[in-house]
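Each chain is listed here by its residues.
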Amino acid sequence: MTDRRAELAQRLAAVRRRIEVASEAAGRSDPVSLVVVTKFFPASDVDLLAELGVTDVGENRDQEAAEKVTRLAHRERLRVHFIGQLQTNKAGSVARYADVVHSLDRPKLVGALDRAAGREGRVLDALVQVALDGAEGRGGAPPERVPQLADLVAASANLRLRGLMAVAPLGQDPHPAFARLHELAGRVRAEHPDAGWVSAGMSGDLEAAIEHGATHLRVGSAILGSRPSHG
Ligand SMILES: *Cc1c(COP(=O)(O)O)cnc(C)c1O
């Protein structure tokens with residue numbers, strides 16, 4: 001256990017250093033938030049991360065996230081981000097434990113999450129996910145539908161529109177994709193001044209994301225390690 005703590009501390013420090021170096025290289029002095037993606041890893045790791053000063057964690061599957069959150073000893077120190085593709089029938093569950101949902105990509109889901117949050121008496125921070133590669137298989141709305149979806153989220157009583165999220169296309173240079181996201185985010189922000197978040201950048205491309213204005217990074221394997229074979 002203490003070995004695991006040391007390992008997490010070391011990897012977390014290395015990622016924080018990468019963020020610092022990239023921010024400096026990009027001439028940015030505004031803070032960049034780190035969401036540590038803890039999918040596949042146990043609640044005990046999430047607790048260690050909270051002890052190490054992590055304030056934001058990300059999960060991508062409802063069942064795993066819901067179970068894990070109930071086991072956390074340090075829940076009150078953590079903001080939970082739901083970053084995965086979301087089925088409408090899971091909105092009720094996610095609305096119970098998520099503080100931020102990054103993956104709104106269709107009107108039906110926006111409606112379901114809004115109603116679910118209302119039932120829980122909660123207001124959730126929400127981002128519209130953009131599909132940057134034209135492939136909708138990994139979630140996200142085509143860029144041309146994003147402004148309308150953003151308007152819909154903003155008009156939802158129990159959702160607070162915060163900005164946009166995207167995953168860079170697999171196996172391609174992330175720079176053009178993140179540049180496109182940045183441009184689209186600027187257009188959304190012009191209509192919705194509070195929606196300034198840009199959630200982009202993972203273990204392999206966080207420097208490119210910072211260069212293109214990401215405000216939130218979602219980093220998993222660089223901190224937690226590669227996916228455990230079971231558990
Ligand atoms: C798993 C995941 C991440 C983290 O990816 P790493 O490459 O492990 O840093 C980020 N965003 C989403 C949507 C994910 O599913």
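All values reported here derive from a predicted model rather than from experimental measurement.

1. What to know about the pattern of salt bridges
Here is step 1 of the chain: Throughout the structure, instances matching the rule amount to 18 salt bridges.
Here is step 2 of the chain: One salt bridge in this structure joins Arg-5 and Glu-51, with 2.6 Å as the shortest N-O distance. Remark: Glu-51 occurs in helix H2 (residues 43-51) and Arg-5 occurs in helix H1 (residues 2-25); sequence separation between them is 46 residues.
Here is step 3 of the chain: On the basis of relative accessible area, Arg-5 is assigned to the partly exposed category, the value being 32%.
Here is step 4 of the chain: One connected set of salt bridges, linked through shared partners, spans Arg-4, Glu-7, Arg-11 and Asp-45.

2. A look at the UniProt feature "modified residue: N6-(pyridoxal phosphate)lysine" (unreviewed entry) in the chain
Here is step 1 of the chain: According to UniProt, the positions carrying the feature "modified residue: N6-(pyridoxal phosphate)lysine" (unreviewed entry) are Lys-39.
Here is step 2 of the chain: Note on placement: Lys-39 falls in the loop between strand E1 (33-37) and H2.
Here is step 3 of the chain: Setting aside anything within four residues of it in sequence, one finds Lys-39 in contact with Gly-58, Glu-59, Asn-60, Glu-64 and Lys-68.

3. Structural notes on the packing of H1 against H2
Here is step 1 of the chain: Running from N to C, H1 and H2 cross one another at 55 degrees; their axes reach a closest spacing of 10 Å. Between H1 and H2, the interaxial angle falls into the category oblique. Between H1 and H2 the crossing geometry is right-handed. Residues Arg-4, Arg-5 and Leu-8 of H1 form the contact with H2, whose participating residues are Asp-45, Leu-48, Leu-49 and Glu-51.

The rules behind these values
- The residue numbers shown here count from 1 along each chain, following its written sequence.
- In keeping with the predicted nature of the model, local features appear solely for residues at pLDDT of at least 70, side-chain atom pairs appear and are counted solely at 80 or more, and the whole-chain, interface and lining totals rest on all residues.
- Note: side-chain values were computed over all heavy atoms of the structure, leaving out hydrogens and water.
- Salt bridge criterion: a side-chain nitrogen from Lys or Arg within 4 Å of a carboxyl oxygen from Asp or Glu.
- By definition, any uninterrupted DSSP run of H or I lasting at least four residues is a helix, any uninterrupted run of E lasting at least two residues is a strand, and each is numbered from the N terminus.
- Each residue is placed in one exposure class: buried if its accessible area under a 1.4 Å probe, protein chains only, is under 20% of its type's maximum, exposed if it is over 50%, and partly exposed if it falls in between.
- UniProt positions are given in the numbering used here, feature names are shortened, and annotations may be inferred rather than shown by experiment.
- By definition in these notes, contact holds between two residues if any of their heavy atoms fall within 4.5 Å.
- For helices, the axis comes from a line fit to the C-alpha atoms of the stretch in contact; other axes are also lines fit to C-alpha atoms, and the angle between any two N-to-C directions lies between 0 and 180 degrees.
- For classification, angles of less than 35 degrees are called roughly parallel, those exceeding 145 degrees roughly antiparallel, those between 65 and 115 degrees roughly perpendicular, and all remaining angles oblique.
- By definition, any crossing whose near helix is turned counterclockwise from its far helix by less than a right angle is left-handed, and any crossing with a clockwise turn is right-handed.

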